[in-house]
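For reference, the chains in residue letters:
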Amino acid sequence: MKNALPETGGFFARDRAMHPPAYTPGYKTSVLRSPQRALISLEGTKSEITGPVFGHNMINEFDNDLIVNYAKPGEMAIGQRILVHGRVLDERGVGVDGALVEFWQANAGGRYRHKKETYLAPLDPNFGGFGRCITDENGYYWFRTIKPGPYPWPNGVNDWRPAHIHFSIFGHGFAQRLITQMYFEGDPLIWICPIVKTIPDEEAIKRLVAPLDMSNTIPMDLRAYKFDIVLRGRRSTFFENRKEGN
Amino acid sequence: MVQPLNYLKESPSQTAGPYVHIGCTPNFTGIHGVYETDLGSGPLYNDKTRGERITIRGRVIDGSGTPLRDALIEIWQADADGFYNSPSETRGKADPNFFGWGRCPADMATGEFVFETIKPGRVPHAGRLMAPHVTLWIVARGINIGLQTRMYFSDEEAANAEDPVLNRIEHRVRVPTLIGKREGDTVTFDIYLQGENETVFFDI
Ligand SMILES: [Fe+2]
């Protein structure tokens, strides 16, 4: 842990206008899976402002290298080689250290390695399509992969997902738990995707689009995309460190 | 003019999609050899963990009455004495043999999720004691932002009656949606996304 007081404050209230509502008929599956009653508002209790710590020792050497973590020895996944990197921050702009970041994606042809996946694009025998890492003391993470392909999906008769990488982020408190998706700068499919369009705010959507990062691109090797992820901020606890009653 | 606050905005949520298992529980979907085990799988306790062993079973059910077979459920709970195994726990030290967090994908055929855990102790909030409860987080295809709820225990009637969170719920008929039904060592907790018995979800 950092040389600081333990973080015991509650989290900033979630700005729901920045998130998709539960019911989004353009994304048909949400219709029967969306709670219809108002959420009950609750200031964070100990049960939500606490969370587990995942140790760096649970990570294997190649967990953040999707080009090789499923490949046969000496082989590599097929596709455009990329580096995805950035910071996990909270709304105060503070890097979130020790955050567990998990990611999964389709292969270069837009096909997932999953029992229920039926798209005709072929599997790549050297690509599993997932990895994980834990942020360093500044909240920084990085992984190497291939750029996923767009793929069609059953929703409208002709809906296609833009190229994307799914992210699951576990910060310091259970109330910060977040799953989201990263998109790639310049992809025209972003703006016609029914899942992207569940987010009502265009500025919020842009915060999920990773720019090409030529500064961190490795010449003759791979291109970099920079993707920062923001988790809910935590109140400072100047006046909140009093013993809780019992 | 005033100084800008300069706070960032939380990244917007997007659905976990149908293939959340690939990233979070690859062994469950048949992809072996990358992670030794799926994170958060297996019993939450070991031989030395203090507390009463229980099994939580349930399903997440959609508005047509069909269980979701592609949901992912995570739980987080206190140890037998009501302490969380977390740096943000400042009241005391939690049982070192209890991590307190688990993750379970719904069964691909039946939609059932199962957690082998211990019954948590009571945790104080705002000067009162909350009844024993487990915090749940649910994601799936078609769920745009993870759902937060809690499971309390049917064998804790007195504690439930004075729980500050349950008492917050204006429509008392909805309180039973948060109570897991205990029979022997098994606690059954079905989560309804819609309908007459829609489970209470929290904005925390
Ligand atoms: Fe996807």
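Residues numbered from 1 in each chain as written. Chains lettered and ligands numbered in written order. Predicted model: local features only at pLDDT ≥ 70, side-chain atom pairs only at ≥ 80, totals over all residues. Heavy atoms only, no water.

J.: I'd like a rundown of the overall build of chain A, residues and numbers included.
T.: Tallying secondary structure elements over chain A gives two helices and 12 strands in all. The C-alpha radius of gyration of chain A comes to 20 Å, within 12% of the 18 Å expected for a compact globule of 246 residues. Looking at chain A as a whole, 55% of its 246 residues qualify as buried. Considering only contacts within chain A whose residues lie at least 6 apart along the sequence, 72% involve residues at least 24 apart. Positive and negative charge centroids in chain A, built from 30 and 27 side chains respectively, lie 6 Å apart. (Helix = DSSP H or I, 4+ residues; strand = E, 2+ residues; numbered from the N terminus. Rg over C-alpha atoms; globule rule 2.2 N^0.38 Å. Buried < 20%, exposed > 50% of the residue type's maximum accessible area, 1.4 Å probe, protein only. Contact = heavy atoms within 4.5 Å. Lys, Arg positive; Asp, Glu negative; His and termini not counted. Charge placed at Lys NZ, Arg CZ, Asp CG, Glu CD.)

J.: Tell me about the overall build of chain B, residues and numbers included.
T.: On a plain count of helices and strands, chain B comes out with two helices and 12 strands. In sequence order, the secondary structure elements of chain B are arranged as α-β-β-β-β-β-β-β-β-α-β-β-β-β. Taken against the 2.2 N^0.38 rule, which gives 17 Å for 204 residues, the C-alpha radius of gyration of chain B at 18 Å falls within 12% of a compact globule. With the C-alpha coordinates of chain B rotated into their principal frame, the extents come out at 65 × 45 × 40 Å. With 204 residues in all, chain B has 58% of them scored as buried. Entry remark: accessible area of chain B is about 8,100 Å², with carbon and sulfur atoms responsible for 49%. Across chain B, the centroid of the 20 positively charged side chains sits 3 Å from that of the 27 negatively charged ones. (Areas by Shrake-Rupley, 256 points an atom, 1.4 Å probe, with all protein chains shown as cover.)

J.: Let's hear about the coordination of the iron ion: which residues, and what values?
T.: Residue and element names in this part refer to chain A. Note on the iron ion: its protein donors are Tyr112 (OH), Tyr151 (OH), His164 (NE2) and His166 (NE2). The metal-donor distances range over 1.9 to 2.2 Å. What the four donor atoms of the iron ion show is an angle range of 90 to 161° at the metal, which sorts the shape as irregular. In primary-sequence terms, the residues that donate to the iron ion follow Y-x38-Y-x12-H-x1-H. The class of His166 is buried, set by a relative accessible area of 3%. (Donors = N, O, S within 2.8 Å, 3.2 Å for Na, K, Ca; no water. Tetrahedral: all angles 85-135°; square planar, octahedral: opposite > 155°, others 65-115°.)

J.: Any chance you could break down the environment of Ala108 of chain A for me, citing the residues and the numbers?
T.: Residue and element names in this part refer to chain A. Within the secondary structure, Ala108 is located in the loop between β3 (100-104) and β4 (130-134). Sequence-wise, Ala108 and Leu178 are 70 residues apart; in three dimensions their C-alpha atoms are separated by 26 Å. Excluding anything up to four places from it in sequence, Ala108 contacts Ile78, Gly79, Ile146, Lys147, Pro148 and Gly149.

J.: Describe the sheet that holds strand β8 (residues 164-170) of chain A, listing the residues and the values that go with them.
T.: Residue and element names in this part refer to chain A. Across the sheet, which stays open at both edges, the five strands sit in the order β4-β3-β8-β9-β10 with mixed pairing between neighbours. Two strands bound the open sheet, and with one partner strand each, they are β4 and β10 (209-210). By the bridge criterion, five bridges tie β3 to β8 in an arrangement that is antiparallel. The residue bridging Glu102 from the neighbouring strand is Ser168, located in β8. (Pairing = 2+ DSSP bridges.)

J.: Describe in detail the packing of aromatic side chains, supporting the description with residues and values.
T.: Under the counting rule described, the total for this entry stands at 20 aromatic pairs over all chains. A ring pair is formed by Phe103 of chain A and Phe167 of chain A, whose centres lie 6.0 Å apart and whose planes are at 55°; its orientation type is tilted. One end of the pair, Phe103 of chain A, is in strand β3; the other, Phe167 of chain A, is in strand β8, with 64 residues separating them in the sequence. Take Phe103 of chain A: its relative accessible area is 1%, and that puts it in the buried class. Plain terms: the ring middles of Phe167 of chain A and Phe227 of chain A are 5.1 Å apart, the flat faces sit at 50° to each other, and that makes the pair tilted. One end of the pair, Phe167 of chain A, is in strand β8; the other, Phe227 of chain A, is in the loop between β11 (223-226) and β12 (229-231), with 60 residues separating them in the sequence. Above the face of the Tyr45 of chain B ring, Arg53 of chain B is positioned so that its terminal group lies 4.6 Å from the ring centre. (Phe/Tyr/Trp six-rings, centres within 6.5 Å; stacked < 30°, edge-to-face > 60°. Lys NZ or Arg CZ within 6 Å of the ring centre and 35° of its normal.)

J.: For the interface of chain A and chain B, give the residues involved together with the corresponding values.
T.: In this assembly, 93 residues from chain A lie in contact with 80 residues from chain B. Summing the contributions of chain A and of chain B, the shared interface buries around 7,900 Å²; its carbon and sulfur component is 57%. Three residues stand out in chain A for area buried against chain B, namely Arg33, Ile40 and Phe174 of chain A, and they jointly supply 11% of the buried area on that side. Counting across the chain A and chain B interface gives eight salt bridges. A salt bridge links Asp70 of chain B to Arg33 of chain A, with the nearest nitrogen and oxygen atoms 3.0 Å apart. (Buried area = accessible area lost by both parts, 1.4 Å probe. Salt bridge = Lys/Arg side-chain N within 4 Å of Asp/Glu carboxyl O.)

J.: An account of a nonpolar patch on the surface is needed here, citing residue identities and associated values.
T.: A surface patch of nonpolar side chains, amounting to about 250 Å² of accessible area, comprises Tyr23, Val31 and Leu32 of chain A. Checked against the element boundaries, Val31 of chain A lands in the segment before β1 (40-41). (Patch = residues over 30% accessible without salt bridge, like charges linked within 9 Å, V, L, I, M, F, W, Y side chains within 5 Å.)

J.: Describe the pairing of strand β7 (residues 133-139) of chain B, listing the residues and the values that go with them.
T.: Residue and element names in this part refer to chain B. Along β7, seven of the seven residues are buried, which leaves the element largely enclosed by surrounding structure. Neither face of β7 is exposed, since His133, Thr135, Trp137 and Val139 on one face and Val134, Leu136 and Ile138 on the opposite face are all buried. Two elements, strand β2 (residues 72-77) and β7, share six bridges in a ladder whose sense is antiparallel. Pairing of Glu74 across the sheet is with Trp137, part of β7. Sheet topology places β7 next to strand β8 (residues 147-153); six bridges connect them, and they run antiparallel.

J.: Now, about the confidence of the model for chain B: what can you tell me, with residues and values included?
T.: For residues with low pLDDT, the predicted coordinates do not support detailed interpretation. Of all residues in chain B, 100% have pLDDT values of 70 or greater, and the mean over the chain is 97. Under the prediction, the complex receives an ipTM of 0.97, its pTM being 0.96. (pLDDT = per-residue confidence, 0-100.)

J.: Give me the environment of Asn69 of chain A: which residues, what numbers.
T.: Residues and elements named next belong to chain A. One can find Asn69 in the loop between α1 (46-49) and β2 (81-90). A relative accessible area of 12% places Asn69 in the buried class. Spatially, the C-alpha atoms of Asn69 and Ala108 are 16 Å apart, while their sequence positions differ by 39 residues. A polar side-chain atom of Asn69 sits 2.8 Å from the main-chain carbonyl oxygen of Phe130. (Polar contact = N/O pair within 3.5 Å; in protein donor to acceptor, adjacent residues only side chain to side chain.)

J.: If you had to explain unusual backbone geometry to someone new, which residues and values would you point to?
T.: Residue and element names in this part refer to chain B. For Asn6, which is not glycine, the phi torsion reads 60° and is therefore positive. Within the secondary structure, Asn6 sits in the segment before α1 (20-24). Residue Ala126 is not a glycine yet carries a positive backbone phi of 50°. On the secondary structure map, Ala126 appears in the loop between β5 (124-125) and β6 (128-129).

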